[in-house]
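Now for the letters of each chain:
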Amino acid sequence: MLTIKNLHASVEEGQEILKGLNLEVKAGEVHAIMGPNGSGKSTLASVLAGKDGYEVTEGSVDFDGVDLLDLEAEDRAKEGMFLAFQYPVEIPGVSNVNFLRTAMNEIREYRNEDKMSAKDFLAKVKEASNLVELDNKLASRAVNVGFSGGEKKRNEIFQMAMLEPKLAILDETDSGLDIDALRIVSEGVNKLRSKDNAVILITHYQRLLEYIKPDFVHVLSAGKIIKTGGKELALELEEKGYDWINEEIAQ
Amino acid sequence: MELVLDNKVLEFVSDFKKPETISKVRKQALDALNGMDFPTTRVEDWKYTRVGKYVKKKYKQVQATANVEDYTIADLNAHQLVFVNGYYDESLSTIKEDDAISVHKIEELDEEYYSDIVDGTSENVFSLINKAYQTGGVFIQVKKNKKANFPIHFLHVLEGEEVIANARHFVHMETGSKAEVVATYHSNNSENSFTNVVLEGHVESNASLTINKLQSEAKNVFHISNELFVQDESSNFLINTITTGALMTRNGLEVIVEGENCHTEMNGAYLGTEKQHMDNHTLIDQLYSNCTSSESYKGVMDGKSVGVFNGKVIVRQDAQKIAAYQSNKNILLSKTASVNSKPELEIYADDVRCSHGSTIGELDEDAIFYLRARGISAASAKQLLVAGFIGDVLDKVENEALRTNIDELFLNDFGWKF
Ligand SMILES: Nc1ncnc2c1ncn2[C@@H]1O[C@H](COP(=O)(O)OP(=O)(O)OP(=O)(O)O)[C@@H](O)[C@H]1O
Ligand SMILES: [Mg+2]
């Protein structure tokens, strides 16, 4: 589904953040990406989602046969890419459901599908908010304005449930969630999984991976994936930190 | 004759029809105009609005007819009073059966009563030109303790090129009465024409007046309005001013609060594109205690447009326990648009709660990306953000038919959906 080859990306000021990253994600899989602060995890998510301000200097990204890097951010979403933000943005005056209606209509138009009826849309809002136990009131409030940290994260997964992406990248969705919320949101994500979609989990904590079982765990350090393993790697990282990997590589 | 040519104001009015009867108000205005000049940008109140090139042109006062159906508001269900080029056109107007109001020509307004109401208020050269040379307008009486059964729609049309429309209106809200005025301004084939309107009123005790003003004239006309309202105790006054039209707009709005327990509310939305210039000048003068006022103006400026906001609240020495809130927020959609914002508080009393602030910014890039990451095009994302920004001001227009009309205007003019 997603093939990243030798990806190099810099910020506009010139500093290189991603330094030759390779990753292959197949339909039905869950990949976890862990790594120290500042290693480039969110940058990878931003570059994949099409945020301005990054320059890809080398490498390629294939998303189900299309050259992802060639598409505008909105078209990537229309092709089925979803990013749950590490820091969801507050948008005063724009209601959650209103903007999701606009999004779904534009996505459907792109895919030559019929508009969703108002009734079906509302039914879906209800279903999706139940999935992550997002208060109904929050669904109709201005996007993330006055939401608690945890509510913002739930809202991201609520939007994922509305948009049903092929590939979802969840950037530290677990941080800021209380213990119950973590379980609820994880169960929500699990319910959205199928053999046709895939999930990339960016996280610092192995706890999330107990709920959403990854097929692969990658360590991203200084802009590169330096180690890949199974879910047991996450346990090892939790115990030993990251330094030993560099030592292992040095040997 | 040479003297006439020397004075720009006299030159400006030299082709205007001399009124047949010189009423007291006209006489006073004519006298005051003598020796007056047009403001330059050296005058503080006109610092950011240059009128020189508009007042150098000559305009004619000509009666015309208009295609009113183009401008009527569906489902507004209002008394519709039509003014074409500043002339009141009764044949195009529809006054419904309504025991709460009476509609008169402006000449029927009692001059003693009027002089008393406006005594001590300030005039400028444009309001004086209007009062000296007005060609028509209405005086509305909303009767004591009655609520107007329909909104009152003042429908203004500029028809033809190089025309000046000097309509003058007065709304008298008697004690305990309630009404809504909708004032709209339109134009047709009216390059280099000029709307110079005066709208005044008196809101007596316990009365409540709402005005919704929508100006969507073509971007090749000039619009100067002078609005003055006097509030007596325990009255309510609300005005929403929405401006999308004209090349140059100057909305001058003053409310004199002459009694306790009043509430005054002013909201404005201005949306400029191309080379439009939009100036909102407001004044709330609090003379008595225990009053509240709230003012919120928002601007969205694109292209090379220029916005000006100057809002002043004066709290006089004897006016205690006043709560006055004022805010002006602006978004610039292009690097070449600009706004000059100057909120002013002048407080002479000691027990008051006032706040004011102004912001000028751009659309939040992170918010645009957030929306795009959900599949929304950059254009729609901007539109959603603009709508989200200005929406709360538009929500102050409670009249649903008018609101629908405004939404349609925004959709047609800017492609913005709300
Ligand atoms: N727009 C930018 N301008 C300058 N530096 C940037 C920019 N974006 C990211 N960086 C830098 O790139 C590096 C990687 O940042 P990134 O946010 O991708 O880290 P991360 O792995 O997600 O970290 P964390 O675990 O703390 O979320 C950091 O050093 C960061 O300061
Ligand atoms: Mg990060």
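Everything quoted here is computed from the prediction, not taken from an experiment.

## Structural notes on the overall build of chain A
Looking only at helices and strands, chain A has 10 helices and 12 strands in total. Taken against the 2.2 N^0.38 rule, which gives 18 Å for 251 residues, the C-alpha radius of gyration of chain A at 18 Å falls within 12% of a compact globule. Reported as C-alpha extents along the three principal axes, the dimensions of chain A are approximately 60 × 40 × 35 Å. By the burial criterion, 53% of the 251 residues in chain A qualify as buried. Contacts spanning at least 24 positions in sequence make up 68% of the contacts within chain A whose residues lie at least 6 apart. Side-chain charges in chain A split into 30 positive and 44 negative, and the spacing between the mean points of these groups amounts to 6 Å.

## Observations regarding the overall build of chain B
For chain B, the helix and strand inventory stands at 9 helices and 20 strands. In chain B, buried positions account for 59% of the 418 residues. If you take every contact in chain B between residues at least 6 apart in sequence, the share linking residues at least 24 apart comes to 85%. Carbon and sulfur atoms provide 46% of the accessible area of chain B, an area that totals close to 17000 Å².

## As for the site of ligand 1
Residues and elements named next belong to chain A. Looking at ligand 1, there are 15 residues lining it, with Gly38, Lys41, Ser42, Thr43 and His204 nearest. At a separation of 2.5 Å, an oxygen atom of ligand 1 approaches a polar side-chain atom of threonine 43. Glutamine 86 places a side-chain nitrogen or oxygen 3.1 Å from an oxygen atom of ligand 1. Coverage of ligand 1 by the protein chains reaches 65% of its 630 Å² of free accessible surface. Looking at the shell around ligand 1, the element that brings in the most residues is helix α1 (residues 41-49), giving 3 residues. Grouping the amino acids of the shell around ligand 1 by side-chain chemistry returns 4 nonpolar, 8 polar and 3 charged.

## Some points on the pairing of strand β1 (residues 2-11) of chain A
Residues and elements named next belong to chain A. Among the 10 residues in β1, 8 count as buried, and that is most of the element. The sheet contact formed by β1 and strand β4 (residues 54-63) spans 8 bridges and is antiparallel. Its bridge partner being in β4, leucine 2 is matched across the sheet by phenylalanine 63. Two elements, β1 and strand β2 (residues 16-25), share 7 bridges in a ladder whose sense is antiparallel. Bridge assignment links leucine 7 to a residue of β2, and that residue is leucine 21. What sits between the antiparallel neighbours β1 and β2 is a turn of 4 residues, in which glycine 14 has the positive phi angle 110°.

## Remarks on the interface of chain A and chain B
In this assembly, 30 residues from chain A lie in contact with 17 residues from chain B. A combined buried area of about 1900 Å² lies between chain A and chain B, and 63% of that area is made up of carbon and sulfur atoms. Here chain A and chain B share 5 salt bridges between them. Our count for the chain A to chain B interface comes out at 12 residue pairs in polar contact (both at pLDDT 80 or more).

## Section: the pattern of salt bridges
Residues and elements named next belong to chain B. All chains considered together, the criterion is met by 34 salt bridges over all chains. Glutamate 123 serves as the salt-bridge partner of lysine 131, at 2.8 Å between the closest nitrogen and oxygen. Relative accessible area serves as the criterion here: at 2%, lysine 131 is assigned to the buried category. With relative accessibility at 34%, the residue glutamate 123 sits in the partly exposed group. The partner of arginine 403 in a salt bridge is aspartate 407, and the shortest N-O contact between them spans 3.0 Å. Within this pair, arginine 403 and its partner aspartate 407 are both found in helix α9 (residues 400-414), separated by 4 residues, close to a single helical turn.

## A word on the sheet that holds strand β6 (residues 81-84) of chain A
Residue and element names in this part refer to chain A. Sheet architecture is open: 6 strands sit in the order β6-β9-β10-β3-β11-β12, paired in mixed fashion. Strands at the two margins of the open sheet, each flanked by one partner only, are β6 and β12 (224-229). Pairs of neighbouring strands in the sheet enclose a mean axial angle of 20°, with direction left out of account. Both strand β3 (residues 30-34) and strand β11 (residues 216-221) contribute to a ladder of 4 bridges, which runs parallel. Following the sheet pairing, isoleucine 33 is matched in β11 by histidine 218. Strands β6 and β9 (167-171) of the sheet are contacted by helix α6 (residues 149-163), whose axis makes an angle of about 165° with β6.

## Considerations on a negative patch on the surface
On the surface, Glu24, Asp62, Asp67 and Asp70 of chain A cluster together to form a negatively charged patch. Along the chain, the position of glutamate 24 of chain A falls in strand β2.

## Details of the side chain of arginine 372 of chain B
Within the element layout of this structure, arginine 372 of chain B appears in helix α7 (residues 365-372). The class of arginine 372 of chain B is buried, set by a relative accessible area of 8%. At a separation of 2.8 Å, a polar atom in the side chain of arginine 372 of chain B contacts the side chain of glutamate 72 of chain A. What arginine 372 of chain B contacts, discounting residues up to four positions off in sequence, is Asp52, Glu72, Ala73, Glu74 and Ala77 of chain A together with Ser377, Ala378 and Ala381 of chain B.

## Quick look at the coordination of the magnesium ion (ligand 2)
Each pair of donors in an ideal four-coordinate tetrahedral metal site encloses 109.5 degrees, whereas pairs in an ideal six-coordinate octahedral site enclose 90 or 180 degrees. Residue and element names in this part refer to chain A. Donor atoms from the polypeptide that bind the magnesium ion (ligand 2) are Ser42 (OG) and Gln86 (OE1), placed at 2.0 to 2.2 Å. Taken together, the residues serine 42 in helix α1 and glutamine 86 in the loop between β6 and β7 (91-95) connect sequence positions 44 residues apart. Taking relative accessible area as the criterion, glutamine 86 reaches 16% and is therefore assigned buried.

## Here's the deal with the domain arrangement of chain B
Accessible area lost on assembly of the parts is the figure often given for the size of an interface. Residues and elements named next belong to chain B. Parsing chain B into structural domains produces domain 1 (8-258) and domain 2 (365-418). If you average the C-alpha positions of domain 1 and of domain 2, the two centres end up 30 Å apart. Facing 13 residues of domain 1, the contacting portion of domain 2 comprises 12 residues. Between domain 1 and domain 2, a total of about 1000 Å² is buried, with carbon and sulfur atoms accounting for 72% of that surface. Its largest share of buried area at the contact with domain 2, domain 1 owes to Leu214, Ile242 and Thr244, together 42% of the area lost on that side. The tally of links from domain 1 across to domain 2 stands at 0 salt bridges.

## Side note on the environment of glutamine 317 of chain B
Residue and element names in this part refer to chain B. As for its placement among the helices and strands, glutamine 317 is situated in the loop between β17 (306-315) and β18 (322-332). We classify glutamine 317 as exposed; its relative accessible area is 58%. Linking glutamine 317 and serine 289, residues 28 residues apart in sequence, is a C-alpha distance of 9.5 Å. Excluding anything up to four places from it in sequence, glutamine 317 contacts Tyr348 and Ala349.

## Considerations on the pairing of strand β5 (residues 152-159) of chain B
Along any regular strand the residues' side chains alternate between the sheet's two faces. All names here are of chain B. Burial runs high along β5: 8 of the 8 residues are buried. Judged by which residues are buried, β5 turns out to be covered on both faces: Ile152, Phe154, His156 and Leu158 on one side and His153, Leu155, Val157 and Glu159 on the other are all buried. In this sheet, β5 lies alongside strand β1 (residues 79-84) in parallel orientation, the contact comprising 6 bridges. Among the inter-strand pairings, histidine 79 is bridged to a residue of β5, identified as isoleucine 152. Two elements, β5 and strand β8 (residues 178-188), share 8 bridges in a ladder whose sense is parallel. From the neighbouring strand, valine 157 faces β8, where its bridge partner is histidine 186.

Conventions and cut-offs
Each chain carries its own residue numbering, running from 1 in the direction its sequence is written. Written order decides the labels, with chains lettered from A and ligands numbered from 1. Since the coordinates come from a predicted model, pLDDT governs what is reported: local features require at least 70, and pairs of side-chain atoms require 80 or more to be given and counted, while whole-chain, interface and lining totals use all residues. Water and hydrogen atoms play no part in the side-chain values, which are based on all heavy atoms of the structure. By definition, any uninterrupted DSSP run of H or I lasting at least four residues is a helix, any uninterrupted run of E lasting at least two residues is a strand, and each is numbered from the N terminus. Radius of gyration: C-alpha atoms only; globule rule: 2.2 Å multiplied by the number of residues to the exponent 0.38. Each residue gets one of three labels from its accessible area relative to the maximum for its type: buried under 20%, exposed over 50%, partly exposed in between, using a 1.4 Å probe on protein chains only. Throughout, a contact is declared for two residues whenever any of their heavy atoms are within 4.5 Å. Charge counting treats Lys and Arg as positive and Asp and Glu as negative, with His and both chain ends excluded. We put the charge of a Lys on NZ, of an Arg on CZ, of an Asp on CG and of a Glu on CD. Every accessible area reported is derived by Shrake-Rupley at a probe size of 1.4 Å, with residue values counting cover from the shown protein chains alone. Being near a molecule or strand, for a residue, means having at least one of its heavy atoms within 4 Å of it. Pairing of N or O atoms within 3.5 Å defines a polar contact, subject to two protein rules: one partner must be a possible hydrogen donor and the other a possible acceptor, and residues neighboring in sequence count only if both atoms are side-chain atoms. Three classes are used, and their members are as follows: Ala, Val, Leu, Ile, Met, Phe, Trp, Tyr, Cys and Pro are nonpolar, Asp, Glu, Lys and Arg are charged, and the others, Gly among them, are polar. Here, a strand pair is defined by DSSP locating no fewer than two bridges between the strands. Two parts placed together each lose some accessible area; with a 1.4 Å probe, that loss summed over both constitutes the buried area. The salt bridge definition used is simple: a Lys or Arg side-chain nitrogen within 4 Å of an Asp or Glu carboxyl oxygen. Axis definition: a line fitted to C-alpha atoms, limited for helices to the stretch in contact. Angles are taken between N-to-C directions and run from 0 to 180 degrees. Residues enter patches when their relative accessible area tops 30% and they take part in no salt bridge; the joining distance is 9 Å for like charges and 5 Å for the nonpolar side chains Val, Leu, Ile, Met, Phe, Trp and Tyr. Metal donors: N, O and S atoms at distances within 2.8 Å, or within 3.2 Å for Na, K and Ca, with water omitted from the atom set so that some sites may seem incomplete. These domain boundaries are the output of an automatic or database domain assignment.

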